[in-house]
Amino acid sequence: MEYNFREIEARWREEWHKRKTYRTGIDAARPKFYVLDMFPYPSGAGLHVGHPLGYIASDIYARYKRLCGFNVLHPMGYDAFGLPAEQYAIQTGQHPAVTTEQNIARYREQLNKLGFSYDPEREINTSDPSYYKWTQWAFLRMFGSFYCRRENRARPIEELVAAFERSGTSEVDAACTVPLDFTAAQWAAKSPHEKDAVLHNYRLAFRADTMVNWCEALGTVLANDEVVNGLSERGGHPVMQRKMTQWQLRVTAYAQRLLEGLDTLQWSESLKEIQRNWIGRSEGAQMFFAVEGSSEKLEIFTTRPDTIFGAAFMVLAPEHEAVMALATPDRLRAVEEYIAQAKKRSERERMADARTVSGVFTGAYALNPFNGARIPIWISDYVLAGYGTGAIMAVPAHDSRDWAFARHFDLPIVPVVEGADVSQASHDAKEGRMINSDFIDGLDVKDAICVMLDAVEERGIGRRRVNYRLRDAIFSRQRYWGEPFPIYYKDGIAMPLRDDQLPLTLPRIDDFRPTEQGEPPLARAKGWHTPEGYPYETSTMPGFAGSSAYYLRYMDPHNDRALVGREADEYWRAVDLYVGGIEHATGHLVYSRFWNKFLYDIGAVVEAEPLRKLVNQGMIQGRSSFVYRIVGTNTFVSHGLREGYETQPLHVDVGLVRNDMLDIEGFKAWRPEFADAEFILEDGRYVCGWAVEKMSKSMFNVVNPDRIVEDYGADTLRMYEMFLGPLEQSKPWDTNGIDGVHKFLRRFWRMAGSIGGAPISDEQPTPAELKTLHKTIKKVREDIGNFSFNTAVSALMICLNELGDCRKRAILDPLTRLLHPFAPHITEEVWAKALGHCEPLYDARMPEFDPAYLVEASFEYPVSVNGKLRFKKELPLGIPVSEIEAAVLADENTARWLEGRAPKKMIVVPGKIINIVI
RNA sequence: GCGGACAUGGCGUAAUUGGUAGCCGCGCCAGACUUAGGAUCUGGUGCCGAGAGGCGUGGGGGUUCGAGUCCCUUUGUCCGCACCA
């Protein structure tokens, strides 16, 4: 009987649904295992063949863990808020809630066809009020908290207020936007608005003026990770720097813990490194420079306090607030012009000419705090307002950017580290001996830094300081399709809703554009205010809000009293395996860790780092096909014959190409312009060219998984996606190879599944069959453990090759279990129908190894003579070296290779190699 | 510019982690069967050479009895960060 995958797969989809096979609950008797995928944003385009790669890998792992006896939580849901649905709504008038619901239905159907073992009752949707209630709830907790540096955790804001009332800022050490200093009396004297502003300076979710990435085309601000090369990640629109009042999350308060936590995670080193760079910790000194003729001090940050005697000039960012006050009257106009020009330039323009040196002198001078030397103060956009203090001391001899600036404006370049020719380039390395540097002359750079840090603190010039590149996350978006803030405004003060007022649901509106006054679309909603008439916040939360704690919600998705109940949290605790793309390295994976650390601080969850192991699947690229049209004609020449013609390559839909051969009739029907196309064939066929490109509609290289499932079945698709190459590697999709995997499943079916062939026998397997089986079990278990699914699939194929035709239960039973994670439908069918098991395969345990057949029981020693490998000698494991030597010398092969000569020595590495030197 | 990863047949890849390079699959070649197909099965397939044999893991050098694997150097590809003081 043929392998009818359509019928088999439909049947088991139905059975799993009916039996609620993958329903998961707390089971204290079994160890738990939590396997999670990064949930998708349900875009209108549906899935292409690249999307399920990670889902297939995680499902294989989840099923494997179940077979090993674990209680596996393996859920799926939808990250449903987001910009594309809203953009689509603006264009078509279709409400995002409607399109999102349609898209989710489509995704669910597509995923369901792939045989994933998700618990359908745990599906979540971030745009569902019962879900975003808890996003709002977490936001309110952050709003009501500050970060106590002394306890190194978040504390209720009421404690801070109490401290202010008691003693002002004197006993407070808290993360803040701007350091403040006031007494209890001064606090008491503040107006409600002033007190509110002070508290926002400390809240973990707060409103403040800040430089933001403003995207005019999208009409919203964007977070740093949503801006790529000065363009918006979504849509690629230009992004400007602009000062605006925005909600923010004080992620910087957690910078150090986010950094340290990385060491406890089983993530790839490269991903950890990306996060370390993103957090960007640097140690140095904060120093104050007096300004000539002014009582104001200029505050700078440097990692190289040792080079202060080489400070030739100071540079301020154009946005620095002291700039206008510093500029002397004769320089004022030049300074103003420069600032105006800098403001006009978009982030992208600024980056584009990063190498062009520009700046103006302010006319003012700072004084070197060590020797009183006059140092001219300049402004330039190579100094960023957002990092450090927005001001630097420039040491052109030892910083390449300062060097370029000094060269351009002909400023002095004084070396303070020995052995550098600073006329050609700066000497940036932190090595060498100090010169021209007063009391630190002769010291090594590293020692000089330490001595200088002490000197700076002793003399009251400044203090040691750690700076982070990480910025606070801008948390409001001027959009409609996101979580509403549970905030209303009373006399201009942001007030939180009470927990029992949650969720604050998103009102229906039908025009999604900003208002004429430039307010967000929510300002159009009628009745968008509290019952008392106080207006609600009109911004909504950004995409990462809903995805920051979703893994917790899966543990307890229907709980309406807590984000996650205590019992569920303590049982499931953390995600044991998280699979997703590397593109979330600096976005979701930073925000999630921050969010969770906060929840941990307030006692809402029990784990500080809940994403224990992370595997990044590679991207599936497209494999585009080309036809070659002879220029000026409608004639197409086959790939191998195009030399000698002037041709223009045209993308052709990969659906019209099979094994690189063009379906000519299909091609003619594809586009009216090709209806009368003519072809120059090679060997009677039209061969297409190909190239690896991003999988996208415009390249006509999108492969839809539905079609693969239709043609080959889900089991084939699953195995082939794994077979394509290492999970973590990017690789192009190429349908060409899929027959090999499909053939394998057909052979398995013929061997184990088909009814009507030879009966399944209870005969004892031969030692060779058993050895093959156990070798395969060992290999597949190891490979799944290492996420090396491609080699696991190979091992299964080899197993069938070696077994030939074997209808023995003792072989087929374990083999079916072993194959099940990869090809769940066919194995269920074989298990129940051909092997006649009554209990579900789902509950079956993996067979234990039979030690008698372990491959390690013996070892094939490679024997080399004078370094040339000659043969392999199979010997039992664990015998002493002397016996190995004797056995090898007695071997007839040895005699042959020695050719009568006596061995000078033997090198025996137990379990490795035997070398004879003659 | 800085940081990271990678480089193996016509193609995707594998290599007991320092031990006979090329497993498995695609493609290709030959054969069988055939209702002629983009089905199935069997065998072959790194390169050069008629053969013996030689050469082969981007290039060059090194360590080692032995290197795809380790070290140095160089070239190329991909990714991340990019005036971060």
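This report concerns the structure included in the present document. Being a predicted model, the structure only gives us computed values, none of them experimental.

## Remarks on the sheet that holds strand β9 (residues 240-249)
And step 1. On the basis of which strands lie adjacent, the open sheet formed by four strands has the order β6-β5-β9-β17 and antiparallel pairing. Edge positions in the sheet fall to β6 (220-222) and β17 (473-474), since each of these pairs with one other strand and no more.
And step 2. Across two bridges, the pairing between β9 and β17 is antiparallel. Across the sheet, Gln248 pairs through a bridge with Ile474, a residue of β17.

## Quick word on helix α15 (residues 445-458)
And step 1. With 14 residues, α15 extends 20 Å between its outermost C-alpha atoms, agreeing within 8% with the 20 Å of an ideal straight helix rising 1.5 Å per residue.
And step 2. Within the sequence span of α15, burial applies to Val445, Ala448, Ile449, Met452, Leu453, Ala455 and Val456. The buried residues of α15 all sit within an arc of 165° when viewed along its axis, so they share a single face. Turned more than 90 degrees from where α15 packs its buried face, Lys446 and Glu458 sit exposed.
And step 3. Where α15 is buried, its residues touch β10 (281-291) and β16 (462-468).
And step 4. Note on α15: the residue one or two positions beyond its end, Gly460, has a positive phi of about 70°.

## Describing the packing of aromatic side chains
Any pair of aromatic rings gets described here by the distance separating the centres and the angle formed by the planes.
And step 1. All told, the structure shown has 61 aromatic pairs when counted by the stated rule.
And step 2. Aromatic pair Phe139 and Phe475: ring centres 5.8 Å apart, planes at 5°, arrangement stacked. With a gap of 336 residues between them, Phe139 in helix α5 (residues 129-143) and Phe475 in the loop between β17 and β18 (487-490) connect regions that are remote in the sequence. The pair formed by Phe139 and Phe475 is uniform in burial state, with each residue classed as buried.
And step 3. Ring geometry for Tyr571 versus Trp572: centroids 4.7 Å apart, planes at 85°, classification edge-to-face.
And step 4. The class of Trp572 is buried, set by a relative accessible area of 0%.
And step 5. An aromatic cluster of three or more residues is present, and its members are Phe139, Phe143, Trp247, Phe475, Phe485, Phe544, Tyr591 and Trp595.
And step 6. The side chain of Arg250 reaches across the aromatic face of Phe206, ending 3.9 Å from its centre.
And step 7. Over the ring of Tyr365 we find Arg374; its NZ or CZ atom is 3.9 Å from the centre of that ring.

## A few points about the pattern of salt bridges
And step 1. Under the counting rule described, the total for this entry stands at 50 salt bridges.
And step 2. The partner of Arg19 in a salt bridge is Glu15, and the shortest N-O contact between them spans 2.8 Å. Linking Arg19 with Glu15, this pair stays in helix α1 (residues 5-19), spanning four residues, or about one helical turn.
And step 3. Assessed through its relative accessible area of 44%, Arg19 is described here as partly exposed.
And step 4. Where salt bridges share partners, they join Lys32, Arg573, Asp576, Glu607 and Arg612 into one cluster.

## Section: the protein's contact with RNA strand B
And step 1. Thr303, Arg401, Arg658, Gln729 and Arg746 are the nearest of the 42 residues found near RNA strand B.
And step 2. The protein-proximal atoms of RNA strand B, defined as those within 4 Å of the protein, are 61% sugar or phosphate.
And step 3. One of the side-chain nitrogen or oxygen atoms of Lys743 is found 2.9 Å away from a phosphate oxygen of RNA strand B.
And step 4. Between RNA strand B and the protein, one listed contact pairs a phosphate oxygen with a side-chain N or O atom of Asn801 at 3.3 Å.
And step 5. Residue assignment for the surface near RNA strand B shows that the elements contributing at least two residues are α10 (269-279), β11 (297-302), α23 (738-753), α25 (789-803), β30 (858-865), β31 (868-876) and β33 (913-917).
And step 6. Looking at the surface near RNA strand B residue by residue, the class counts come to 16 nonpolar, 17 polar and nine charged.

Rules behind the numbers
Residues numbered from 1 in each chain as written. Chains lettered and ligands numbered in written order. Predicted model: local features only at pLDDT ≥ 70, side-chain atom pairs only at ≥ 80, totals over all residues. Heavy atoms only, no water. Pairing = 2+ DSSP bridges. Helix = DSSP H or I, 4+ residues; strand = E, 2+ residues; numbered from the N terminus. Expected span 1.5 Å × (residues − 1). Buried < 20%, exposed > 50% of the residue type's maximum accessible area, 1.4 Å probe, protein only. Arc of directions from axis to C-beta. Contact = heavy atoms within 4.5 Å. Phe/Tyr/Trp six-rings, centres within 6.5 Å; stacked < 30°, edge-to-face > 60°. Lys NZ or Arg CZ within 6 Å of the ring centre and 35° of its normal. Salt bridge = Lys/Arg side-chain N within 4 Å of Asp/Glu carboxyl O. Near = heavy atom within 4 Å. Polar contact = N/O pair within 3.5 Å; in protein donor to acceptor, adjacent residues only side chain to side chain. Nonpolar A, V, L, I, M, F, W, Y, C, P; charged D, E, K, R; others polar.

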